[in-house]
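Structure at a glance
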Amino acid sequence: MRPLPPDVKGLSAKEAARRIKNATLEYAEYIGLEPDLDKDLLWLAQEGLMAALPDGWVLKSMKGLGDPVYYNKDLKKSMFEHPTDEKYRKMLKKLRKKEPQEMKIQRRLQTGQLTEEEQEKASASVLR
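Everything numeric here is computed off the predicted structure, so don't read it as measured data.

Quick notes on the pattern of salt bridges
For the structure on display, the rule yields six salt bridges. E86 is the partner of R89 in a salt bridge, and the nearest nitrogen-oxygen pair spans 3.5 Å. Placement of both R89 and E86 in helix α3 (residues 85–97) is noted, with a separation of three residues, approximately one turn of the helix. Taking the relative accessible area as the measure of exposure, R89 reaches 19% and is therefore buried. Among the charged side chains, a network of salt bridges with common partners joins E15, R18 and R19.

A closer look at the nonpolar core
Within the largest apolar cluster, 12 residues are counted, these being A23, Y27, A28, I31, L33, L41, L44, A45, L49, A51, Y88 and L92. Contributing elements (two or more residues each) for this core: α1 (13–31), α2 (42–49) and α3. Residue contributions to this core peak at four residues, all from α1. Look past the residues within four positions of A23 in its chain and what remains in contact with it is P3, L4, P6 and L49.

Thresholds applied
- Residues numbered from 1 in each chain as written.
- Predicted model: local features only at pLDDT ≥ 70, side-chain atom pairs only at ≥ 80, totals over all residues.
- Heavy atoms only, no water.
- Salt bridge = Lys/Arg side-chain N within 4 Å of Asp/Glu carboxyl O.
- Helix = DSSP H or I, 4+ residues; strand = E, 2+ residues; numbered from the N terminus.
- Buried < 20%, exposed > 50% of the residue type's maximum accessible area, 1.4 Å probe, protein only.
- Core = buried A, V, L, I, M, F, W, Y, C linked by side-chain atoms within 4.5 Å.
- Contact = heavy atoms within 4.5 Å.

As structure tokens, then:
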């Protein structure tokens, strides 16, 4: 389920910041970021978490469904995912394509996605 922005009204600045940070990290994972590896991209997660609903969309709680539903009366469309979430996933893909090769290798190494041969090549290039 998509995390919702926290309600921080009436909270101390410290508590509000803590809740926003936690929700941002949760949303980061929701759109495919790896918070430990993507610290430089957490701005994208915070922007996506706080994104306003596009015109015509409303957030509704529907009895029996539990999770909130996003509904657009004009389009006669409802969905469980915020209408802008896909936009932020696409932005992440574009940013990752521009990522330096070294960062891609490091990300794959830390997540155990490199083959043994790729690990050997990565080690050899570091030793040069």
